[in-house]
Amino acid sequence: MNRFKASKFRHTEARLPRREAWISGIRAGSVPSCGSHVKASCRWIAFSAEAAGVLGIVPLECQDGGKRTISQLCCHSDVVTDFDFSPFDQLLLATGSADETVKMWRLPEGGQDIPSGAGLTLGPGGAPVDTLQFHPTADAVLASGAGKRVTVWDLGQQQPLTVLDSHGDQLQSLTWKRDGHLLGTSCKDKKLRIFDPRAGPAASQSVLGHDNNKDSRLLWMGSSDCLISVGFSQMREREVKLWDTRRLSGATLTMALDISPGVTIPLYDADTGLLVLAGKGENLLYCFEVAPAQPALTQVTQCRTEGSTRGLGAVPRLALDVMACEVLRVLQLTDTALVPISYVVPRKSVQEFHEDLFPDCTGMLPATDAQGWWAGDSQQVGRVSLHPARRPTETFTSPIIAGTVPTNAGHTDIDTGHTDTDTGHTDAEHSEASGYSSPSSLASPGSAATSLSASTGASSGFASSPSQKSLQSILGPSSRFRHTQGRVLHRDLHLSNLRGLSLTTPGESDGFCANLQRVALPLLSAGGQITVLELSKPGRLPDVAVPTIQNGVAVADLTWDPFDPRRLAVAGEDAKIRLWRIPEGGLQETLQEPEAVLRGHTEKIYSIRFHPTASDLLVSSSYDMTVRIWELSTGQEVLCLQGHTDQIFSMAWSPDGKKLATVSKDGRIRIYEPRRSSQPQQEGPGPEGGRGARLVWVCGGDYILVSGFDSRSERRILLYRAQALSEGPLSVLGLDVAPSTLLPFYDEDTSVVFLTGKGDTRVFLYEVTPEPPYFLECNSFTSNEPHKGFVFLPKTACEVRDVEFARALRLGQSSLEPVAFHVPRVKKEYFQDDLYPPTRVWWEPALGAGAWLDGQDGQQRRASLRPADMVPVSEAPKEAPARKFVPASVYLEEKTDEQKKEELLSAMVARLGNRDDPLPQDSFEGVDEDEWD
């Protein structure tokens, strides 16, 4: 800084907000990475969350003065190491992870759900991703550092433009020059390198940076030839160095800060020349003004915060409060809060815009695209004014994520569903033609449709307007159940004080089972004990021991007979299946002898399932890689299915009971017709990951839904056509990253599938349709604490008067809670026959085991759930809509001034009374004249 010229920032103050302005209630992560752990665009803030692979997402500004909603973005299967917002598209977020992948996400405009699937995935690249940064002038160009190399990506083509691999050790940071020509890096080999990516992969310049190889950072000072680096000296002092690429033989300035082990996080604002430094784990923030021409570093201010710094990020200049003379705002990430710290220059007049403090800054419209920049286009991003009256309103939407096109002002998100005028096909048609529906394209219609009240049809009594129909054609179909609400029922219906529960049942088991009368829960005690509780007797269990079933060995799986509510089948780790009969009225004493024992498997059993239509039939799968069907009336094995080459994760009967589907660890899905052959009738590719999978038949048995993992451990669901397994999945939808397998429950009456895992707090809901987009997203249910199991009850347990279409039991640490899922409806006094078709009489078998084995098939009858005293909503009288406006004729009958005057006088006279009536004093009597004497 010139000593003869005073700086306009010399009186800058760091203003800490009151606690009310903090973004509290978060849990920040402590990832040992090179990132700054918090980034901001003009719309959103992203920060490292406590859970591995998860980012916290929160709006930058409060909407309508309300509180900010903190959301979670489940990004990766491993820790998120770095992330960055696009400088042009304020909703585009790039994330890098130790799982070696880079993903692109499009955040919502506001009021919509956070995306559940990435719009674009790059990699894996052979090494954990350490650092990310978007190109400052070209759209769809991203630099990612992993291991010893930097990859410059063309996101539109999903291909690398170049790889800069001349580093001698682990990469620590990278930075673009603001004009987009050069890229600088710092490395664990203590060297700083300068690259011209378009000229070649080798470094054009390099110099020894800091003497210590501990984490160092490098920042380019705007479009100048100067850089800033922070690191450690040989004596472990934290230091700041200034560099000039025109003479890179040594630093032009070196300044020691202090001695501290915390890695320094630097933030530099090229428009003001202010540099903010904070050490991880510390509560002191330095602010310097940098004058590279001198060179000089002048301390402007410093502030001490309440919490220790986990991360530090800067807010874009276009989001600053310029009328309050706010020249810089940083976000400090602490253990439990995000603290916005404003750097303000005091001025006498705060009603004026100060041009000297706020010169024009870089705009948000890219100068070129990836291919143009790579071909040598060096145009610069236009500069815009920060004056509130002259601030630009146009926005930019990057086309790199499928389903979006570049947009400027006047366009909305509805444009993302455009029709390609060149080809005449929509994005959805392109997706279908490729054989897959991308997760982002599948999630968008569901989430966008939740904002529309487009429930139409005969039962609703309203017809769609042309505008509604056009919106539906753009946004895609929406589910009738999109507004589903899940709630835990009253405490009086809970079973509490559950003790000694076994929470370590195999992943192939649901953990416990229930029917309309009772629930069976495995216990942790030795001998494979099972407690059976009556659902008709809720409340707190006594502290004393309760009667149990002594199974003899650890429980692998258990299930109730749908046709005999007192028979419980239990698979043990000794390769035997025991059948237990519960006495009338519940378990009064300990049971030690089973009704029957089924022997035949040679290894531990995975799972067991009763036949859906035939009585006395049970199927089991085992480690011996066989599937066996048992006739319970004789206690004998009648069929044995083979063909598996690895562990069987799950199996399911088709709704008509003719076929059996399995999914196994060898990555294959198989369909058997047990009465015809012991070998599979069909085979197809299953989920890629080998961590677990489940399957269920949907859409009347014509399709199969499989939940599993991909190769990067992201949980996903896949939909297959049952008659064409070999063709692969029709649709794939990524949900989140979590370790537990998603357990699907399918309601055949509503086509809604519920998905959750052991240890989860969220239950996903999707309506499954046989037409694209196949999955229609509905509101999910979230509990306060993780559940150890989630089992659904039969349809007849639902209270149709409350428009409840599904009921489940949620197992907590020591309690069992009923959860009801219902659809909000206005006319609840009517039976909602559009939601309740005649349901299958599941408790009555269509035929016996012997008849089924002989080749016969049966179909169960159906019954209505309508109570006798309720009228179907389709038969409800149609009410004429009430007129909510005054006819125009009322306003057209104008009155003259004389008419208004006469009406006013008449009203006054009416209040005073009749003028011909005598006055009260007229009726008074006087005194005689002689009385005056």
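Residues numbered from 1 in each chain as written. Predicted model: local features only at pLDDT ≥ 70, side-chain atom pairs only at ≥ 80, totals over all residues. Heavy atoms only, no water.

Draft legend 1. Expanded view of the overall build of the protein chain. Of the regular secondary structure elements, the protein chain holds 7 helices and 66 strands. A total of 933 residues make up the protein chain; the buried ones form 52% of that total. Long-range contacts, defined here as pairs at least 24 residues apart, represent 53% of the contacts in the protein chain between residues at least 6 apart. Of the roughly 42,200 Å² that the protein chain leaves accessible, carbon and sulfur atoms contribute 49%. (Helix = DSSP H or I, 4+ residues; strand = E, 2+ residues; numbered from the N terminus. Buried < 20%, exposed > 50% of the residue type's maximum accessible area, 1.4 Å probe, protein only. Contact = heavy atoms within 4.5 Å. Areas by Shrake-Rupley, 256 points an atom, 1.4 Å probe, with all protein chains shown as cover.)

Draft legend 2. The side chain of Glu326, seen in detail. Tracing the sequence through the fold places Glu326 in strand 29 (residues 326-333). Judged by relative accessible area, which is 3%, Glu326 ranks as buried. Among the polar contacts listed, one links the side chain of Glu326 to the backbone nitrogen of Asp321, at a separation of 2.8 Å. Once residues lying within four places of it in the same chain are set aside, the contact partners of Glu326 are Leu320, Asp321, Ser342, Tyr343, Val344 and Phe358. (Polar contact = N/O pair within 3.5 Å; in protein donor to acceptor, adjacent residues only side chain to side chain.)

Draft legend 3. View of the pairing of strand 26 (residues 284-291). With 8 of 8 residues buried, strand 26 lies mostly within the body of the structure. Residue alternation in strand 26 divides its side chains into two sets, Leu284, Tyr286, Phe288 and Val290 and Leu285, Cys287, Glu289 and Ala291, and both sets are buried. Note: strand 25 (residues 274-279) against strand 26, 5 bridges, orientation antiparallel. If you follow Leu274 over to strand 26, its bridge partner there is Glu289. (Pairing = 2+ DSSP bridges.)

Draft legend 4. Looking closely at the confidence of the model for the protein chain. Residues with a pLDDT of 70 or more make up 86% of the protein chain, whose mean pLDDT is 85. Of the regions scoring below 50 in pLDDT, residues 403-475 engages in 102 contacts with residues more than four places distant in sequence or in other chains. (pLDDT = per-residue confidence, 0-100.)

Draft legend 5. Looking closely at the pattern of salt bridges. Tallied over the full model, the rule gives 57 salt bridges. The residue Arg217 makes a salt bridge to Asp215 at a minimum N-O spacing of 3.2 Å. Each member of the pair, Arg217 as well as Asp215, is classed as buried. In this structure, Arg715 engages Asp736 in a salt bridge whose closest nitrogen and oxygen atoms are separated by 2.8 Å. (Salt bridge = Lys/Arg side-chain N within 4 Å of Asp/Glu carboxyl O.)

Draft legend 6. Representation of a nonpolar patch on the surface within the structure. A cluster of nonpolar side chains, Leu904, Leu905 and Met908, forms an exposed patch at the surface whose accessible area comes to about 290 Å². By the element assignment, Leu904 lies in helix 7 (residues 897-912). The exposed category is assigned to Leu904, whose relative accessible area is 54%. (Patch = residues over 30% accessible without salt bridge, like charges linked within 9 Å, V, L, I, M, F, W, Y side chains within 5 Å.)

Draft legend 7. Structural context of the pairing of strand 22 (residues 237-244). Strand 22 sits mainly inside the fold: 7 of its 8 residues count as buried. With 7 bridges connecting them, strand 21 (residues 226-232) and strand 22 associate as antiparallel partners. Looking at the pairing, Ser229 lines up with Lys241 of strand 22. Counting the residues in the hairpin turn of strand 21 and strand 22 gives 4 residues, including Arg236, whose phi is positive at 65°.

Draft legend 8. Fine view of the sheet that holds strand 4 (residues 44-48). Pairing is antiparallel across the open sheet formed by 4 strands, whose spatial order is 3-4-5-6. The outermost strands of the open sheet, each flanked by one partner alone, are strand 3 (38-40) and strand 6 (71-74). When the angles between neighbouring strand axes are averaged without regard to direction, this sheet yields 25°. The sheet contact formed by strand 3 and strand 4 spans 3 bridges and is antiparallel. Residue pairing in the sheet places Val38 in a bridge with Phe47 of strand 4. (Axes fitted to C-alpha atoms, helices over the stretch in contact; angles between N-to-C directions.)

Draft legend 9. Inspection of the nonpolar core at higher detail. Counting residues in each nonpolar core, the largest one holds 45 residues, and the members touching the most others are Ile45, Val276, Leu285, Val327, Val330, Leu338 and Tyr343. When residues of this core are traced back to their parent elements, those giving at least two are strand 3, strand 4, strand 24 (264-269), strand 25, strand 26, strand 27 (296-304), strand 29 and strand 30 (337-344). (Core = buried A, V, L, I, M, F, W, Y, C linked by side-chain atoms within 4.5 Å.)

Draft legend 10. Molecular detail of the packing of aromatic side chains. A full pass over the atoms with the stated rule returns 19 aromatic pairs. Aromatic pair Trp842 and Trp843: ring centres 5.1 Å apart, planes at 80°, arrangement edge-to-face. For Trp842, a relative accessible area of 17% puts it in the buried group. Members of the aromatic cluster, connected to one another through ring pairs, are Phe481, Phe745, Phe754, Phe781, Phe790, Phe792, Phe805 and Phe821. Geometry around Phe232 places Lys214 over its ring, the cationic atom sitting 4.7 Å from the centre. (Phe/Tyr/Trp six-rings, centres within 6.5 Å; stacked < 30°, edge-to-face > 60°. Lys NZ or Arg CZ within 6 Å of the ring centre and 35° of its normal.)

Draft legend 11. Representation of the sheet that holds strand 51 (residues 668-672) in the model. In space, the 4 strands of this open sheet follow the order 49-50-51-52, with antiparallel pairing throughout. Edge positions in the sheet fall to strand 49 (648-653) and strand 52 (682-685), since each of these pairs with one other strand and no more. Strand-to-strand twist across the sheet, computed as the mean angle between neighbouring axes with direction ignored, equals 15°. Note that strand 49 and strand 50 (residues 660-664) share 5 bridges and pair antiparallel. From the neighbouring strand, Met651 faces strand 50, where its bridge partner is Thr662.

Draft legend 12. Expanded view of unusual backbone geometry. Note that the residue after Gly123, namely Pro124, is joined by a cis bond; omega there is 5°. Non-glycine residue Ala575 carries a positive phi angle of around 70°. Tracing the backbone shows Ala575 in the loop between strand 42 (564-572) and strand 43 (576-581). Under the relative-accessibility criterion, Ala575 is labelled buried at 9%.

Draft legend 13. Spatial organisation of the side chain of Ser607. Inspection of the secondary structure assignment puts Ser607 in strand 45 (residues 605-610). The residues contacting Ser607, other than those within four sequence positions of it, are Glu508, Asp557, Val619, Ser620, Ser621 and Met651.

Draft legend 14. Local environment of the environment of Thr634. As for its placement among the helices and strands, Thr634 is situated in the loop between strand 47 (627-631) and strand 48 (636-641). Relative accessible area serves as the criterion here: at 46%, Thr634 is assigned to the partly exposed category. Taking the C-alpha atoms as reference points, Thr634 and Asp616, 18 residues apart in sequence, are found 9.1 Å from one another.

Draft legend 15. Focus on the environment of Val38. Position of Val38 among the secondary structure elements: in strand 3. Sequence-distant contacts of Val38, that is, excluding residues within four places in its chain, are made with Ile45, Ala46, Phe47, Phe83, Gly311, Leu312, Gly313, Leu331, Leu333 and Leu338.

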